Amino acid sequence: LAACMPASAGLLSVGVVAGTCIMHADPQTQTSIMHVRFCSHSHRGEVKQFRDMLQNISSAPSFVARVQRLMSQIEGDVLALKDAQRQAYEDLLAREKLLTRDLAAFEERLQQWDRPGAMQPVPAGTGRDGGTCQAVPAVAGGTEGMPPPPEVAALDDFLKTSRGPTGGWTEYDHGVFLRERQRHRSESAVVAAVTTKLVGRTEEAVAEHAAWYATYLDLVERKKAAIKRWRQQRRQEHQQSLVAASEANGQKSAQASRAERRRAAAREQERREKSAQVAAWREEQRAQARRADEEQRAAERRARRAARDKERAHRAEQKALVAEYLAQKHEHEAARAKAVAEEQATDGGDGASQAEMLAYFQQRDQKVFEQVRDATQKYRAVLDY
């Protein structure tokens, strides 16, 4: 039980740390943390079961066998989890080593960029926004060939004498020291925790490593401050060179700007003239369309008026024909009545004369009937048209 209780406490701390870090990790690390939480939860259940068995000790022979079997299972699970975490920790250390090397190479590259000779002229027309920019000459004079700050050499010498960035320790031991240093505030607590977890490391060795690490951090901070000051100095010199180049090219840039403004004004004037021409052409087209429409409507009105006049004239002609027919009819009837009266007055008269008179009247009636018929046909033809 005494051997298993620290393991349960360690599992609890692993679960707490995993719950705290899972929100700030990448997907692969989150999956590993979730696996650790699951294993720690399972192990806590086994430890709790073991503790309950010890609190309810039985004299049965099977009790001891069950306790031994559960202890073996807990021990095997804890060892498997520790091996898996050790392997994962070694993988993380390898990744950290690669990242540290890449960062060092990138920092060296930045330092090379900050050197005066590394600044090359930028050809015109290659700005980031695609516009036109003037070539910036390299810085002449100044601190060309200037050695790096002495703090950089001090840190390099310190790392050479202390056998690397881990102070001569293995990466695993140094990683344990860093974790305990982050977990504890006092140096004595860090020394005690590291001595407990790293077999073979004495308190004097751990204290010496802690002092070495404090010196290492101090040198690193000094190097960062020195590099920052050096970069500020280089940046100031670069700004001065840019100001000088800008003043040298100021007049040329002003002339180019004025020429560009003149070209822009000419383009704007041309655009306005074209817009005015297009507007005038469109207005002329609309006016022509309105005139054509008005002429078409006037022609249609004249055609309708002529048709109405023609229809009225035809109707008047028909009315005249009808009136003439009626007049002739009345005249014929009056003449017939007069002839009948004369015949009656002569008491019979001559039969031949009566026949001739009757034929005359029939011929005249036929002629009037044909005239009325022709006039009616003409009227109907006009209506059909």
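Structural notes, computed from the coordinates.

Cut-off values and rules
Residues numbered from 1 in each chain as written. Predicted model: local features only at pLDDT ≥ 70, side-chain atom pairs only at ≥ 80, totals over all residues. Heavy atoms only, no water. Core = buried A, V, L, I, M, F, W, Y, C linked by side-chain atoms within 4.5 Å. Buried < 20%, exposed > 50% of the residue type's maximum accessible area, 1.4 Å probe, protein only. Helix = DSSP H or I, 4+ residues; strand = E, 2+ residues; numbered from the N terminus. Contact = heavy atoms within 4.5 Å. Phe/Tyr/Trp six-rings, centres within 6.5 Å; stacked < 30°, edge-to-face > 60°. Lys NZ or Arg CZ within 6 Å of the ring centre and 35° of its normal. Expected span 1.5 Å × (residues − 1). Salt bridge = Lys/Arg side-chain N within 4 Å of Asp/Glu carboxyl O.

## Quick look at the nonpolar core
Next up, step 1: Formed by 16 residues in total, the largest nonpolar core has its most connected members in Trp169, Phe177, Val194 and Tyr216.
Next up, step 2: When contributions to this core are tallied by element, the ones reaching two or more residues are α4 (150-161), α5 (171-183), α6 (187-197) and α7 (203-248).
Next up, step 3: Among residues more than four places away in sequence, those in contact with phenylalanine 177 are Trp169, Val190, Val194, His209, Ala210 and Tyr213.
Next up, step 4: Counting residues in hydrophobic clusters, the runner-up holds eight residues, among them Met53, Phe63, Val67 and Leu70.

## Some words on the packing of aromatic side chains
Next up, step 1: Counting across every chain of the model gives seven aromatic pairs.
Next up, step 2: Aromatic side chains tyrosine 213 and tyrosine 216 sit 6.0 Å apart centroid to centroid with 35° between the ring planes, which places their arrangement in the tilted category. Of this pair, tyrosine 213 and tyrosine 216 both sit in helix α7, three residues apart, which is roughly one turn of the helix.
Next up, step 3: Assessed through its relative accessible area of 12%, tyrosine 213 is described here as buried.
Next up, step 4: Pairwise contacts between aromatic rings join Phe158, Trp169, Phe177, Trp212, Tyr213 and Tyr216 into one cluster.
Next up, step 5: Sitting over the ring of tyrosine 89, arginine 179 keeps its end group 4.8 Å from the ring centre.
Next up, step 6: Looking at arginine 201, its charged tip hangs above the ring of tryptophan 169, at a distance of 4.3 Å from the centre.

## Details of α5
Next up, step 1: Between its first and last C-alpha, α5 extends 18 Å over 13 residues, near the 18 Å set by a 1.5 Å rise per residue.
Next up, step 2: Looking at α5, one finds that the buried residues are Asp173, His174, Gly175, Val176, Phe177 and Glu180.

## Here's the deal with the pattern of salt bridges
Next up, step 1: Under the definition given, this model contains 18 salt bridges.
Next up, step 2: Between arginine 272 and glutamate 268 there is a salt bridge, with the nearest N and O atoms lying 3.3 Å from each other. Taken together, the residues arginine 272 and glutamate 268, both in helix α8 (residues 250-345) and four residues apart, mark about one turn of the helix.
Next up, step 3: A relative accessible area of 28% places glutamate 268 in the partly exposed class.

This is a description of form; function is not addressed.
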